[in-house]
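# Tertiary structure, described
Listed below, chain by chain, are the residues.
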Amino acid sequence: MENNKPKYYNDDGTEINPDLIPKPDLCITCKKDGQSGEEEILCNLTRADQQGEEEFICEAYEQRNIEK
């Protein structure tokens, strides 16, 4: 059951499906990508807030160590 998943809403009260929020390239290279709990909530809120913006900015970004 997914009843424990947080729900997100626009300022007008419309519910947002977090699975439909586009994930910017910056998020894909972040070490926090894919984490659950509070970190997932903060990431989803940041992405939802900046939907449609020309540039995505995340103050919590931490570059993932990419192994070669």
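Anything mentioned here points back to the structure above.
Remember, it's a predicted structure, so these values are computed and weren't measured experimentally. (Residues numbered from 1 in each chain as written. Predicted model: local features only at pLDDT ≥ 70, side-chain atom pairs only at ≥ 80, totals over all residues. Heavy atoms only, no water.)

## Describing the pattern of salt bridges
Summed over all chains, the structure comprises 5 salt bridges. As a salt-bridge pair, Lys32 and Glu39 come within 3.8 Å of each other at their nearest N and O atoms. Assessed through its relative accessible area of 13%, Lys32 is described here as buried. (Salt bridge = Lys/Arg side-chain N within 4 Å of Asp/Glu carboxyl O. Buried < 20%, exposed > 50% of the residue type's maximum accessible area, 1.4 Å probe, protein only.)

## What to know about helix H2 (residues 38-49)
The end-to-end C-alpha distance of H2 is 16 Å, a good match for the 16 Å that 12 residues give at a rise of 1.5 Å each. Among the residues of H2, those classed as buried are Cys43, Asn44, Arg47 and Ala48. When H2 is viewed along its axis, its buried side chains cluster within an angular range of 130° and face the same direction. Away from its buried face, by an angle of more than 90 degrees, H2 presents the exposed residues Glu38 and Asp49. (Helix = DSSP H or I, 4+ residues; strand = E, 2+ residues; numbered from the N terminus. Expected span 1.5 Å × (residues − 1). Arc of directions from axis to C-beta.)

## A closer look at the environment of Lys23
Secondary-structure assignment places Lys23 in the loop between strand S2 (15-16) and helix H1 (25-28). The partly exposed category is assigned to Lys23, whose relative accessible area is 40%. Sequence spacing of Lys23 and Glu67 is 44 residues, and the spatial spacing of their C-alpha atoms is 22 Å. Filtering out sequence-adjacent residues up to four positions away, Lys23 remains in contact with Ile28, Asp33 and Arg47. (Contact = heavy atoms within 4.5 Å.)

## Observations regarding a negative patch on the surface
A grouping of Asp11, Asp12, Asp49, Glu53, Glu54 and Glu55 is seen on the molecular surface, where their side chains present a negatively charged patch. Along the polypeptide, Asp49 turns up in helix H2. (Patch = residues over 30% accessible without salt bridge, like charges linked within 9 Å, V, L, I, M, F, W, Y side chains within 5 Å. Areas by Shrake-Rupley, 256 points an atom, 1.4 Å probe, with all protein chains shown as cover. Lys, Arg positive; Asp, Glu negative; His and termini not counted. Charge placed at Lys NZ, Arg CZ, Asp CG, Glu CD.)

## Things to note about empty space enclosed by the protein
A water-sized probe, rolled over the atoms, reveals where empty space remains. Inspection of the entire model under this criterion finds 1 cavity of 30 Å³ or more. Here the largest cavity defines a volume of roughly 90 Å³. Among the elements of the structure, H1 and H2 are those that each provide at least two residues to the lining of the largest cavity. The dominant element in the lining of the largest cavity, judged by the number of residues it contributes, is H2, at 3 residues. Among the residues forming the lining of the largest cavity, the class breakdown is 7 nonpolar, 1 polar and 3 charged. (1 Å grid on protein atoms, 1.4 Å probe; cavity = no way out; pocket = protein on both sides within 12 Å on 5 of 7 lines; lining within 4 Å. Points joined across faces, edges and corners; volume = space filled by probe spheres on them. Nonpolar A, V, L, I, M, F, W, Y, C, P; charged D, E, K, R; others polar.)

Everything listed is a geometric property; what it means functionally is a separate question.
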